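# An overview of the molecular structure
Listed here are the chains, written in short residue letters.
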Amino acid sequence: MRRFVRWTVPCALLGIVFLFVFNLPPDSLDLLAFPERMQARDIRVVDGDTIHLHGTRIRLLGIDAPESGQICHDKTARPFDCGAAATAALGALVAGEEISCRLYGHDRWHRRLGVCRTSGSEINRFMVATGMAYARSELPVLQIAETIAWLGGRGFWEGSFTSPQLWRRSH
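Before going into details, it helps to say that this report is about the structure given with it. Please read these numbers as outputs of a predicted model, since none were measured by experiment. (Residues numbered from 1 in each chain as written. Predicted model: local features only at pLDDT ≥ 70, side-chain atom pairs only at ≥ 80, totals over all residues. Heavy atoms only, no water.)

### Points about the overall build of the protein
Stated formally: Strands here are runs of E lasting at least two residues and helices are runs of H or I lasting at least four, both read from the DSSP assignment and numbered beginning at the N terminus. For every residue, the accessible area obtained with a 1.4 Å probe (protein chains only) is divided by the maximum for its type, and the residue is called buried under 20%, exposed over 50%, and partly exposed between those limits. Contacts were defined at the residue level, with two residues in contact if any of their heavy atoms lie within 4.5 Å.
Looking only at helices and strands, one finds six helices and ten strands in the protein. By residue count, 39% of the 171 residues in the protein fall in the buried class. In the protein, of all internal contacts separated by at least 6 residues, the share reaching a separation of at least 24 is 58%.

Next up, the structure:
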């Protein structure tokens, strides 16, 4: 039994490290494509998962934020506009910052898809980790960030909500 534990624990830890090293968003995507890069201070927040960067409309890759006018409930069951809350959170994160994005094609509405950063953090991951957006990607780093937000009751996870995708279908 000791021999089993002695080999299993290091192998499990090595596997976790492997997942983090080989599944980080911008770098893992670089292995598959040569993304276009864009950097600017001229930024306008459209909603919780879309920005205008120097005139280019960019959808944050792998995440989905509540829509403007979408109602969620906080931990006391009080309703609030969670779409406006997500937009405000993204606006606060990027205010006065220079943003750099790696762009990976277009979505069906012709928006560029991007993984964007401020000087301090990756925006896509930050929005999911704070419970202001949901992971719409199988990238483990976003799935882990969402699980941590859910377990910690962060952002929308502290109360009740309808997923943005279901909300859009009914509205």
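### Remarks on the pairing of strand β8 (residues 99–106)
Inclusion rule: Strands pair, by our definition, only if DSSP identifies at least two bridges between them.
Examined bridge by bridge, strand β1 (residues 36–40) and β8 share five bridges and lie antiparallel to one another. Across the sheet, residue Q39 finds its bridge partner in β8, namely S100. Looking at chain direction, β8 and strand β9 (residues 112–117) are connected through five bridges and run antiparallel. Among the inter-strand pairings, C101 is bridged to a residue of β9, identified as C116. Between β8 and β9, which pair antiparallel and follow one another directly, the connecting turn spans five residues, one of which, H110, has a positive phi of 70°.

### Quick look at the packing of aromatic side chains
Quick reminder of the rule: For this analysis, a ring pair means two rings from Phe, Tyr or Trp (six-membered ring only for Trp) whose centres lie within 6.5 Å, classed as stacked if their planes differ by under 30 degrees, edge-to-face if by over 60, and tilted for the remaining angles.
One pass over the structure, following the stated rule, counts five aromatic pairs. Seen in terms of ring centroids, Y134 and F156 are 6.0 Å apart; in terms of plane orientation they differ by 35°. Their pairing is tilted. With Y134 in strand β10 (residues 134–135) and F156 in the loop between α5 (140–152) and α6 (164–170), this residue pair connects regions lying 22 residues apart in the sequence. Note on Y134: relative accessible area 6%, which makes it buried. Taken together, the aromatic side chains of F80, Y134, F156, W157 and F161 make up a single cluster linked through ring pairs.

### Overview of α5
Filter applied, for reference: Multiplying one less than the number of residues by 1.5 Å gives the expected span of a helix. The arc refers to the directions leading from the helix axis to the C-beta atoms.
Across its 13 residues, α5 extends 18 Å between first and last C-alpha, which sits within 8% of the 18 Å expected from 1.5 Å per residue. Buried within α5 are the following residues: V141, L142, A145, E146 and A149. Viewed along the axis of α5, the buried residues span an arc of 135°, placing them on a single side of the element. Once α5 finishes, G153 follows within two positions and takes phi at roughly 65°, a positive value.

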